[in-house]
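# Notes for the structure review
In case you want the letters, here they are:
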Amino acid sequence: MEYQEVIERLEGLKLQLVGKLQNPNLSLEEKEDIQKSITNYDYIIELTNMNHYERGTSVH
């Protein structure tokens, strides 16, 4: 999978969770779980970006 495909997929999954978070019928526990998942996606996206840009600057 190419970098752009990965980022688009991760961002899409994160946006789905953000949408779910807007549901007023969620319990506090469900909201916290979704927020933790969003934070995890942010971290994975950050790692993916770092990996992508580090490849371009590494010297062999």
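Along each chain, residue indices are assigned from 1 in the same order as the chain's sequence is written. Reporting of local features is limited, given that this is a predicted model, to residues whose pLDDT is at least 70; pairs of side-chain atoms are given and counted only at 80 or more, and all residues count toward the totals for whole chains, interfaces and linings. Derived side-chain values reflect all non-hydrogen atoms in the structure, with water molecules and hydrogen atoms excluded from consideration.

### Brief notes about the overall build of the chain
So the rule is basically this: Note on conventions: DSSP H or I runs of at least 4 residues are helices, E runs of at least 2 residues are strands, and numbering of each starts at the N terminus. What the globule rule says is 2.2 Å times the number of residues to the power 0.38, and the radius of gyration is computed from C-alpha atoms. Partly exposed residues are those whose accessible area sits between 20% and 50% of the maximum for their type, while under 20% is buried and over 50% is exposed, using a 1.4 Å probe and protein chains only. Contacts are assigned to residue pairs that have any heavy atoms within 4.5 Å of one another. Each accessible area value is a Shrake-Rupley result obtained with a 1.4 Å probe; residue values ignore everything except the protein chains displayed when judging cover. Only four residue types enter the charge count, namely Lys and Arg as positive and Asp and Glu as negative; His and the chain termini do not. We put the charge of a Lys on NZ, of an Arg on CZ, of an Asp on CG and of a Glu on CD.
Along the chain, the regular secondary structure elements total two helices and zero strands. Here the C-alpha radius of gyration of the chain, 15 Å, is well above what a compact globule of 60 residues would show, namely 10 Å. Along the first, second and third principal axes, the C-alpha set of the chain runs to 55 × 15 × 10 Å. A buried classification covers 15% of the 60 residues belonging to the chain. In the chain, 59% of the contacts between residues at least 6 apart in sequence involve partners at least 24 apart. For the chain, the accessible area works out to roughly 5,000 Å², and carbon and sulfur atoms hold 52% of it. Mean positive and mean negative side-chain charge positions of the chain (6 and 11 charges, respectively) differ by 3 Å.

### Re the environment of L17
Along the polypeptide, L17 turns up in helix α1 (residues 3-21). Residue L17 is classed as buried on the basis of its relative accessible area, which comes to 15%. Along the backbone, L17 and S37 are 20 residues apart, and their C-alpha atoms lie at a distance of 7.7 Å. Every residue in contact with L17, bar those within four places of it in the chain, is listed here: I34, S37, I38 and Y41.

### Quick notes on a negative patch on the surface
Here is the rule we go by: Here, patches come from residues exposed beyond 30% relative accessible area and free of salt bridges, joined within 9 Å for like charges and within 5 Å for nonpolar side chains (Val, Leu, Ile, Met, Phe, Trp, Tyr). Salt bridges are counted wherever a side-chain nitrogen of Lys or Arg sits within 4 Å of a carboxyl oxygen of Asp or Glu.
On the surface, E29, E30, E32 and D33 cluster together into a negatively charged patch. Its location among the elements puts E32 in helix α2 (residues 28-57). Exposure remark for E32: the relative accessible area of 42% places this residue in the partly exposed category.

### As for the side chain of T48
The condition is simple: Identification of polar contacts relies on pairs of N or O atoms within 3.5 Å, with a donor-acceptor requirement for protein atoms, meaning one able to donate a hydrogen and the other able to accept it, and with residues adjacent in sequence counted only if both atoms are side-chain atoms.
With respect to the helices and strands, T48 occurs in helix α2. Within the structure, the side chain of T48 is placed 2.8 Å from the backbone oxygen of I44, a separation counted as a polar contact. In this structure, T48 is in contact with Y3, V6, I7 and L10, ignoring residues within four places of it in sequence.

### A few points about α1
What counts is decided by this rule: Expected helix span is computed as 1.5 Å times (number of residues minus one). Regarding the arc, it is the one traced by the directions from the helix axis to the C-beta atoms.
With 19 residues, α1 should reach 27 Å at 1.5 Å per residue; the first-to-last C-alpha distance of 27 Å fits that figure. Within α1 the residues assigned to the buried category are I7, L10, K14 and L17. One side of α1 carries all its buried residues, which in axial view fall inside an arc of 90°. Exposed positions of α1 whose direction lies more than 90 degrees from the buried face are E8, R9, L15, Q16 and K20.

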